[in-house]
Amino acid sequence: MTHIDAGAELDPVHPVALPGVRSAGLTRAEVAERVARGDVNDVPVRSSRSMGEIVRANVFTRFNAIIGVLWLLMLFVAPIQDSLFGFVILANTGIGIVQEWRAKQTLDSLAVIGEARPTVRRDGAAVEVATNEIVLDDLVETGPGDKIVVDGVCAEADGLEIDESLLTGEADPVLKRPGDQVMSGSFVVAGGGAFRATKVGREAYAAQLAEEASRFTLVHSELRTGISTVLKYVTWMMVPAAIGLVITQLVVKNDNLKDAVARTVGGIVPMVPEGLVLLTSVAFAIGVIRLGRKQCLVQELPAIEGLARVDTVCLDKTGTLTEGGMDVTELRALNGADEPYVRKVLGALGESDPHPNASLQAIIDACPDSEEWRCVESLPFSSARKYSGAAFSEGDGEASTWLLGAPDVLLPQDDPALAETERLNEQGLRVLLLARTTRDLDDPEPAHGAHPTALVVLEQRLRPDAGYTLRYFADQRVHAKVISGDNAVSVGAVAAKLGLSGTAVDARRLPADPRDMAKALDEGTVFGRVTPQQKRDMVGALQSGGHTVAMTGDGVNDVLALKDADIGVSMGSGSEATRAVAQIVLLNNSFATLPSVVAEGRRVIGNITRVATLFLVKTVYSVLLALLVVCWQVEYPFLPRHLTLLSTLTIGVPAFFLALAPNKERAHPHFVRRVMRYAVPGGVVAGAATFATYLLARHYYTGPGSLEAETSAATLTLFLISMWVLAIIARPYTWWRIALVAAMGAAFLLILVVPALQDFFALKLVGVTMPWTAVAIAAVAAAALEFLWKWVGRRFPA
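The present account deals with the structure reproduced in this document.

**Focus on the pattern of salt bridges**
Here comes step 1: Using the criterion set out here, one finds 25 salt bridges in the structure.
Here comes step 2: Measuring nitrogen to oxygen at the nearest pair gives 3.3 Å for the salt bridge that ties R343 to E339. Taken together, the residues R343 and E339, both in helix 11 (residues 339-352) and four residues apart, mark about one turn of the helix.
Here comes step 3: R343 sits in the partly exposed class, given a relative accessible area of 34%.
Here comes step 4: Across the pair D408 and R508 runs a salt bridge, and its minimum N-O distance is 2.8 Å. Here D408 is found in helix 13 (residues 407-410), whereas its partner R508 is found in the loop between strand 17 (504-506) and helix 17 (514-523), with 100 residues between them in sequence.
Here comes step 5: Classification of R508 by relative accessible area gives partly exposed; the value is 44%.
Here comes step 6: Counted as one network, the salt bridges with shared partners bring together D408, D506, R508, R509 and R529.

And the structure:
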């Protein structure tokens, strides 16, 4: 609140006003002078990794180093056919870089669209500038929802309340007066004012925090962490298997070093599931691009994954289920009040607040201001207290003080006006009470003893897409909880109009204990009269009950809950504070975009889980084959070209299409367990069956060219089993999945029948007996796979 002081003077040191006097701010010349000496807020907003970081992350990996050394070795000792795996790695890495670069372009362009433009006062006029154009000593104007972007000192305050919880952890807003320090990273929750910038650029507190962590990160992704865990174990298995393979092949093939090296490399390369990491990066990147086309800014990539795991969505009514605007539909005078006089009061109240919310803006539109009234003192609206107020000097010299806010907060529970309010709320209408008070606005309880004067009935505009979105969540078994600061009955009526049924609960009656609150939240659907701190507590209570929680919102009262939720979703038109803490920003303000985000997350997680099994089956059977070769002390059955061919046809190409396919399956936890429970038995069956074919072929074939015939028979068995694994992974079948599997089989058949391709890949089936034996062994292995995977699914459910 502000008391007018006509005796304030200008500070001779800084070009800002002392209390009560409006400063003109910096002049154009002063701004130019500060820009010239570098006193500019030039911290770049990093929404994604730099191009150099993208290249390094995709090229300089542990497995690329292993593959790279082996590739260089093969280029010197073997034909080019045995070096194909190196070109495949180059292509995969290139695809990963291009896709992530495209995602970076999307993120950066969307970040510019969604970037807030602070208002600064220069040459006496308020102008919007980019954040990086603020200079030292600039006078920055603030209002509800504005984020403090640089450090400064408060110069003007009109009931200015700033929430510093993101910096200090203290939830209660801090009332700021001229001379008080304001910190970047905090945000305005009530009132307005201006502050002088004292620290800009990298000196500002928020900039120092931002440099400690980049927005673009995969660190908190369960999917990415799970893959890293798998790769760690793979590395441990690779080392002894590779050492044993090297020794064995050099002993067995001591008269042919080049052939020994080629078969050793052929055994080591397929152990590396290098494509899995790249494919995960590509899937995430393509997800960002797809959502970017729908004006959805994903500020952190794991948010795509996180929202797919969500089982509870907390929705803020205003701005989410309803549009921001409202209309005054009725004005009901109480206790014999004169309606024209009431309209004058409402008009004056509207004029007294320089930053009106949606309700007050509707009142301003309906009740024009009376120029005869002068505001002496004001109390801006706060979501914590649920009302605003102002003291006036009326045109005839009489003084009066008024409050405007929630009837059930301003009036005692037995007041007869509440019965009428309840009836209107049941119709989904919003009701505000205008009350006259005899107390001062700086009194601890200004509403005590207030005299009700009129009810202001407002109609909210429902979002046309909200009903569809709520139905989508219901179909996907995601629980929707509507959490609002408005009256519970009114919010419940709005939710019912959109097809969301359930109990409406007044949050003031919720238990404080987190366990009891969690139980009440599970039972209820709509919660009204929720304070900002309660929103945060409710999110915590739901999480304590094992729920993965997403929170949507657009106002400053949502910031604390958005920050604590597993996934925070902000509207693009929301306050800068909400956009800053949210992982996902809906720039088109369309709640209907959320199903697309959920679907994208489910597509990414479900498909990566699916194709990870393909990659890791190959790793398991490669390690097993290497160990069997060491134990039997025989030549390794494959050259690198054979396994490159098999990997391309049964893993590489199919995995790319399967990773980008639609997938609506709800995401499940325990990624590593879900993948390995199928990969281990699948790899063991494939490896054992292939080695059995190889040993039979070694006894069957003799003389010159026998090793090539043995390799061809073993390759046929491994290809057929790998195709069966692919066929299982591709279920449920659609026309394109069947076509994909059939195309891979046709490609292998083409290689077997075209002489030039036979020579290139050193594949030639000799005779009839052994090839059909290889087919029979593959058929038995396929039946074993079907049985084992069904048994594993029942025995070890995810």
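From this point, the discussion proceeds with the structure in view.
**Let's talk about the nonpolar core**
Here comes step 1: Within the largest apolar cluster, 126 residues are counted, with the highest numbers of intra-cluster contacts made by L307, I584 and F748.
Here comes step 2: Per-element tally for this core: the top contributor is helix 21 (residues 594-632), with 17 residues.
Here comes step 3: Those residues in contact with I584 that sit more than four places away from it in its chain are C296, L297, A303, L307, I567, G568, V569, S570 and V597.
Here comes step 4: Listed in part, the 23 residues of the second largest apolar core include F187, C314, M517 and M538.

**Some words on the pairing of strand 7 (residues 187-199)**
Here comes step 1: Most of strand 7 is tucked away: eleven of the 13 residues are buried.
Here comes step 2: Judged from the four bridges that link them, strand 3 (residues 139-142) and strand 7 form a sheet pairing that is antiparallel. If you follow T142 over to strand 7, its bridge partner there is G193.
Here comes step 3: When strand 4 (residues 151-163) meets strand 7, the two strands line up antiparallel, connected through ten bridges. Across the sheet, the residue bridging to G152 is A197, located in strand 7.

The rules behind the values
Residues numbered from 1 in each chain as written. Predicted model: local features only at pLDDT ≥ 70, side-chain atom pairs only at ≥ 80, totals over all residues. Heavy atoms only, no water. Salt bridge = Lys/Arg side-chain N within 4 Å of Asp/Glu carboxyl O. Helix = DSSP H or I, 4+ residues; strand = E, 2+ residues; numbered from the N terminus. Buried < 20%, exposed > 50% of the residue type's maximum accessible area, 1.4 Å probe, protein only. Core = buried A, V, L, I, M, F, W, Y, C linked by side-chain atoms within 4.5 Å. Contact = heavy atoms within 4.5 Å. Pairing = 2+ DSSP bridges.

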